[in-house]
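Examining the three-dimensional arrangement
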Amino acid sequence: MTLIGPSLMCADMGVLKESVIILDQAGVDFFHLDVMDGSFVPNFTMGPDMIKSIRPYTKKPFDVHLMVKNPENHLSTFIEAGADMISVHTEATEHLQRTLQTIRDNGLRAGVALNPSTPIEELKYVLDVVDYITVMTVNPGFAGQKFIPLMYQKLSDLKDMLFKEGYNINIQVDGNIGYETIPGVLENGANMLVCGTSSLFKPDITFEEAVTNLRQFIE
Ligand code: DX5
Ligand code: ZN
């Protein structure tokens with residue numbers, strides 16, 4: 001099954017609680033919460049308090065995408081804020097294996113995110129402590145960017161590598177995931193779609209319509 005997850009950094013922060021409630025009712029599968037430190041990526045978004053503030057309004061999993069340096073120093077903060085899944089960037093930590101193991105030891109699902117230029121071989125010796133892999137299909141930091149075409153090949157190579165190594169791990173794609181790019185990412189192995197300005201957060205359509213349209217397009 002292909003999972004749909006709104007990227008809440010694309011939401012109107014003035015009505016974030018209402019957006020979460022409506023998106024939950026519209027049938028999304030998880031919520032993608034981008035956290036940025038202005039250092040690993042040149043931007044800032046939501047912090048633990050914002051995540052904590054919307055936690056009571058949905059039971060759907062919170063997928064916290066840590067685009068921060070040394071994410072191992074911040075895991076407890078986001079676990080306490082209500083994360084169910086945490087993805088960390090290979091490029092942001094010296095100790096990827098230990099960081100992923102710590103996420104799992106706390107009962108959460110562990111994700112590893114790859115910047116577009118990072119080879120999939122980086123994952124080879126942590127596949128046994130990974131529950132999902134986030135292939136960044138844009139350079140991290142901002143919504144509304146253009147999909148990087150070589151990421152189709154990267155997804156295909158990743159799918160082949162996981163098959164060869166005997167792992168069945170969820171592949172998440174994050175960045176400009178919309179009607180032009182969904183067929184290609186699904187064909188190349190993705191099964192978790194982070195949906196932002198290209199598919200869910202559009203001014204001329206309600207969340208209910210956007211989710212229904214997406215679901216029909218995917219099935
Ligand atoms: C970018 C974030 C993405 C982004 C997606 O660094 O990780 O989740 O918000 O937004 P769109 O879908 O507009 O590219
Ligand atoms: Zn993200």
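Residues numbered from 1 in each chain as written. Chains lettered and ligands numbered in written order. Predicted model: local features only at pLDDT ≥ 70, side-chain atom pairs only at ≥ 80, totals over all residues. Heavy atoms only, no water.

Attention shifts here to the overall build of the chain. Counting its regular elements, the chain contains seven helices and eight strands. Computed over the C-alpha atoms, the radius of gyration of the chain is 16 Å, within 12% of the 17 Å expected from 2.2 N^0.38 for a compact globule of 219 residues. Its C-alpha atoms put the chain at 45 × 35 × 30 Å along the principal axes. Per-residue burial for the chain yields a buried fraction of 55% across its 219 residues. Contacts in the chain between residues far apart in sequence, at least 24 positions, make up 64% of those at least 6 positions apart. (Helix = DSSP H or I, 4+ residues; strand = E, 2+ residues; numbered from the N terminus. Rg over C-alpha atoms; globule rule 2.2 N^0.38 Å. Buried < 20%, exposed > 50% of the residue type's maximum accessible area, 1.4 Å probe, protein only. Contact = heavy atoms within 4.5 Å.)

Around the zinc ion (ligand 2), the protein supplies His32 (NE2), Asp34 (OD), His65 (ND1) and Asp174 (OD) as donor atoms, at distances of 2.0 to 2.3 Å. Each of the six donor atoms bound to the zinc ion (ligand 2) contributes to angles spanning 66 to 173°, and the resulting shape is octahedral. Positions of the donor residues of the zinc ion (ligand 2) along the chain correspond to the pattern H-x1-D-x30-H-x108-D. Separated by 33 residues along the polypeptide, His32 in strand E2 (residues 31-36) and His65 in strand E3 (residues 62-67) bring together distant segments of the chain. We classify His65 as buried; its relative accessible area is 0%. (Donors = N, O, S within 2.8 Å, 3.2 Å for Na, K, Ca; no water. Tetrahedral: all angles 85-135°; square planar, octahedral: opposite > 155°, others 65-115°.)

Neighbouring ligand 1 are 20 residues, the closest being Asp34, Gly141, Asp174, Asn176 and Thr197. Take Asp174: an N or O atom from its side chain is 2.6 Å from an oxygen atom of ligand 1. Between ligand 1 and Asn176, the relevant distance is 2.8 Å, taken from an oxygen atom to a main-chain nitrogen or oxygen of the residue. Out of a free accessible area of 380 Å², ligand 1 has 100% covered by protein chains. In a pocket analysis with a 2 Å cut-off to the grid points, ligand 1 is assigned to the largest cavity. (Near = heavy atom within 4 Å. Polar contact = N/O pair within 3.5 Å; in protein donor to acceptor, adjacent residues only side chain to side chain. Areas by Shrake-Rupley, 256 points an atom, 1.4 Å probe, with all protein chains shown as cover. 1 Å grid on protein atoms, 1.4 Å probe; cavity = no way out; pocket = protein on both sides within 12 Å on 5 of 7 lines; lining within 4 Å. Sits in = over half its atoms within 2 Å of the grid points.)

This part takes up the UniProt feature "active site" (unreviewed entry) in the chain. Sites flagged by UniProt as "active site" (unreviewed entry) map to Asp34 and Asp174. Judged by maximum C-alpha separation, these annotated positions cover 141 residues in sequence but sit close together in space, the widest gap being only 10.4 Å. Considering only the annotated residues already named, the ones lining the largest cavity are Asp34 and Asp174. Look at Asp34 and you get buried, because its relative accessible area is 3%. Ignoring any residue separated from it by four or fewer positions in sequence, one finds Asp34 in contact with Ser7, Met9, Thr45, Met46, His65, Met67 and Asp174. Polar contacts involving the side chain of Asp34 include one to the side chain of Ser7, which spans 2.9 Å. (UniProt positions renumbered as here; feature names shortened; annotations may be inferred.)

Turning to the UniProt feature "binding site: substrate" (unreviewed entry) in the chain, a few remarks are in order. If you check UniProt for "binding site: substrate" (unreviewed entry), the listed places come out as Ser7, His65, Gly141, Phe142, Ala143, Gly144, Gly196 and Thr197 in our numbering. When the annotated set is filtered for residues lining the largest cavity, what remains is Ser7, His65, Gly141, Phe142, Ala143, Gly144, Gly196 and Thr197. Turning to its location among the elements, Ser7 is positioned in the loop between strand E1 (3-6) and helix H1 (16-26). In this view, Ser7 contacts His32, Asp34, Val194, Cys195, Gly196 and Phe201; residues no more than four positions away in its chain are not counted. Structurally, the position occupied by Gly141 is in the loop between strand E6 (132-136) and helix H5 (150-165). Classification of Gly141 by relative accessible area gives buried; the value is 3%.

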